[in-house]
Structures are given as C-alpha cells and as structure tokens.
Amino acid sequence: MKILFTGFEPFDGGSSNPSYECLKGLPPMADGVEFVTMELPVSFRRAPERLLERMKVERPDAVICLGLAANREKLSLEKVGLNYAHARIPDNDGMQPRDLLLDPAGPAAYFSTLPVVPLAEMLNREGIPAEVSLTAGAYVCNCLLYRLLAVVGTMPAGFIHVPRTEKMALETMTRAMMQTAACLAAESRKRGNHAIPF
Ligand code: PCA
C-alpha cells in the first residue's frame, strides 16, 4: 500500500511548520506501507493544485494531509471539509478570501473518508493525545481538505491538524503517522480479502 502524506511550509511569520517537519522522520517503507511525502505551499490556489498533480503521478492508495493548528493541544482528526473560505491572514501568495464559497457549485461539505473515530481511539490507546474535530477552520487547510475530498471517491483520504512542538514532540507526531498508516494498511488487507466478487 502506498500512502501520500503532505505537510505545509511555514506561514504566519513562523520559521518552520511541524506538519512537514514530522514527516521527515518517516521511513520510505514500513510494515508493507510505502510512504511518500511532500511539502505544500500555504496557498489557497497552489496547495490543492500541487496535491492533485502529485496524486496523478503517485497513484496512492490513501492520502493524509497535515497542517498546524497552533491553538490546539492534541492531534485533530478532521471529520469535515467545508465549502467555505474566510481567512484571518493572507496566505503565502497574499490571497485573503473573506466569507466565500470554495466551489459555488459544490456541496456544503464532504466527510473525510478516513475512519477518524477508530483512528483517534487507537492513537489514544497508544498514548498519543488525539481527538476527532468537526472543523478544520476556514483557511488553507480546510480548502485543501475540501478539494481533496471532492475527487477521492471512497479512497481513504483526510486531514490531521497537529499542535505546536511546544505541546507535542515531532517524534510523537511521526509515530502517530506510522500507527495511522499501519491501521489503514491492516484495513486494506482485510478489505482485500473480502473484495473478490467471484
Ligand atoms: N495550517 C494552516 C494552513 C497551513 C497550516 O499548517 C491552517 O490550519 O489552515
């Protein structure tokens, strides 16, 4: 199974972004999972564009995007991508959408296709603080999630917000991504066993 993980470049005056830094600790391969990682620009326009381009090339079996939520204490497994943009600060291209729909023709929201409740429970069992979140905000992270979920169908795909490194060590975030990947791989093996329709 191949899983594409994305993290973001720094933004809002920060010098680094743990959402990408924690991905640097992932091995290329573990427990039958191939890890592919990429850094995305904090840009309403370019982040989804880059992600969808890379998905066409890599053809992953699952996609997990990460972003920083500076005010949160735990990993937030986002349940919902909302068709809405309302930026407190400009993105790294200087764009600052206010009170706008991301896609005037699109549905109000998409649910993540990741099993967020069992994943959060599994992470907690592993001693990693995690919870399900019902809002990814209205900035670039939510935009990326909405655009991703618009194209994935039933493929496991979603978004996890990480806290600041003062609240959670990068190594813990990395371990959480490895555990999440192992769970998705186990699920896909199970599904694989039952999926043959003849
Ligand atoms: N967090 C921002 C965008 C980039 C990031 O790491 C967000 O939550 O929208």
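Figured I'd write up the structure that's included with this text. (Residues numbered from 1 in each chain as written. Predicted model: local features only at pLDDT ≥ 70, side-chain atom pairs only at ≥ 80, totals over all residues. Heavy atoms only, no water.)

### What about the overall build of the protein?
At step 1: Looking only at helices and strands, one finds five helices and nine strands in the protein.
At step 2: Start at the N end of the protein and walk to the C end: the helices and strands fall as β-α-β-β-α-β-β-β-β-α-β-α-β-α.
At step 3: Here the C-alpha radius of gyration of the protein, 16 Å, is about what a compact globule of 198 residues would show, namely 16 Å.
At step 4: Here the C-alpha coordinates of the protein stretch approximately 50 × 40 × 30 Å along the principal axes.
At step 5: Taken over 198 residues, the protein has a buried fraction of 48%.
At step 6: Counting contacts in the protein only where the partners sit at least 6 residues apart, residues at least 24 apart contribute 78% of the total.
At step 7: With the model as given, the accessible surface of the protein reaches about 9,600 Å², and the carbon-plus-sulfur share is 53%.
At step 8: Taken together, the 21 basic and 22 acidic charged side chains of the protein have centroids lying 2 Å from each other. (Helix = DSSP H or I, 4+ residues; strand = E, 2+ residues; numbered from the N terminus. Rg over C-alpha atoms; globule rule 2.2 N^0.38 Å. Buried < 20%, exposed > 50% of the residue type's maximum accessible area, 1.4 Å probe, protein only. Contact = heavy atoms within 4.5 Å. Areas by Shrake-Rupley, 256 points an atom, 1.4 Å probe, with all protein chains shown as cover. Lys, Arg positive; Asp, Glu negative; His and termini not counted. Charge placed at Lys NZ, Arg CZ, Asp CG, Glu CD.)

### Quick word on the site of the ligand
At step 1: Neighbouring the ligand are the residues F8, F11, N17, V42, G67, L68, Y139, V140, C141 and H161.
At step 2: Here an oxygen atom of the ligand and a side-chain polar atom of N17 are 2.9 Å apart.
At step 3: At 2.9 Å from an oxygen atom of the ligand is found a main-chain nitrogen or oxygen belonging to C141.
At step 4: Compared with its free state, where it exposes 270 Å², the ligand has 94% of that area covered by protein.
At step 5: Structurally, the ligand is housed in the largest pocket. (Near = heavy atom within 4 Å. Polar contact = N/O pair within 3.5 Å; in protein donor to acceptor, adjacent residues only side chain to side chain. 1 Å grid on protein atoms, 1.4 Å probe; cavity = no way out; pocket = protein on both sides within 12 Å on 5 of 7 lines; lining within 4 Å. Sits in = over half its atoms within 2 Å of the grid points.)

### Here we look at the nonpolar core
At step 1: Ranked by size, the top nonpolar core spans 32 residues in total, and within it F8, L51, M55, V63, Y139, L144 and L148 carry the most contacts.
At step 2: Sorting the residues of this core by element identifies β1 (2-8), β3 (33-40), α2 (46-58), β4 (62-68), α4 (140-152) and β9 (157-162) as the ones contributing at least two each.
At step 3: With nine residues, α4 is the largest single contributor of residues to this core.
At step 4: Residues Y20, L26, I64 and L75 belong to the second largest nonpolar core, which totals 31 residues. (Core = buried A, V, L, I, M, F, W, Y, C linked by side-chain atoms within 4.5 Å.)

### Details of the layout of surface pockets
At step 1: Space inside the largest pocket adds up to approximately 700 Å³.
At step 2: F11, L68, A69, A70 and R88 are, among the 33 residues lining the largest pocket, the residues nearest its centre.
At step 3: Elements with a contribution of two residues or more to the lining of the largest pocket: α1 (18-21), β4 and α4.
At step 4: A class-by-class count of the residues in the lining of the largest pocket yields 15 nonpolar, eleven polar and seven charged. (Points joined across faces, edges and corners; volume = space filled by probe spheres on them. Nonpolar A, V, L, I, M, F, W, Y, C, P; charged D, E, K, R; others polar.)

### Regarding α4
At step 1: Helix length check: α4 (13 residues) gives 18 Å between terminal C-alpha atoms against 18 Å at 1.5 Å per residue, within 8%.
At step 2: With ten of its 13 residues buried, α4 lies for the most part within the structure.
At step 3: Of the positions making up α4, those classed as buried are V140, C141, N142, C143, L144, L145, Y146, L148, L149 and V152.
At step 4: Following α4 by one or two positions, G153 has its phi on the positive side, about 65 degrees. (Expected span 1.5 Å × (residues − 1).)

### Remarks on the packing of aromatic side chains
At step 1: Counting across every chain of the model gives four aromatic pairs.
At step 2: Each ring, one from Y110 and one from Y146, has its centre 4.9 Å from the other, and the planes form 45 degrees; the classification is tilted. Taken together, the residues Y110 in strand β7 (residues 109-111) and Y146 in helix α4 connect sequence positions 36 residues apart.
At step 3: We classify Y146 as buried; its relative accessible area is 1%.
At step 4: A connected cluster of aromatic rings, assembled from ring pairs, spans F11, F44 and Y139.
At step 5: Here the guanidinium or amino end of K79 rests over the ring plane of F111, the centre of that ring lying 4.9 Å away. (Phe/Tyr/Trp six-rings, centres within 6.5 Å; stacked < 30°, edge-to-face > 60°. Lys NZ or Arg CZ within 6 Å of the ring centre and 35° of its normal.)

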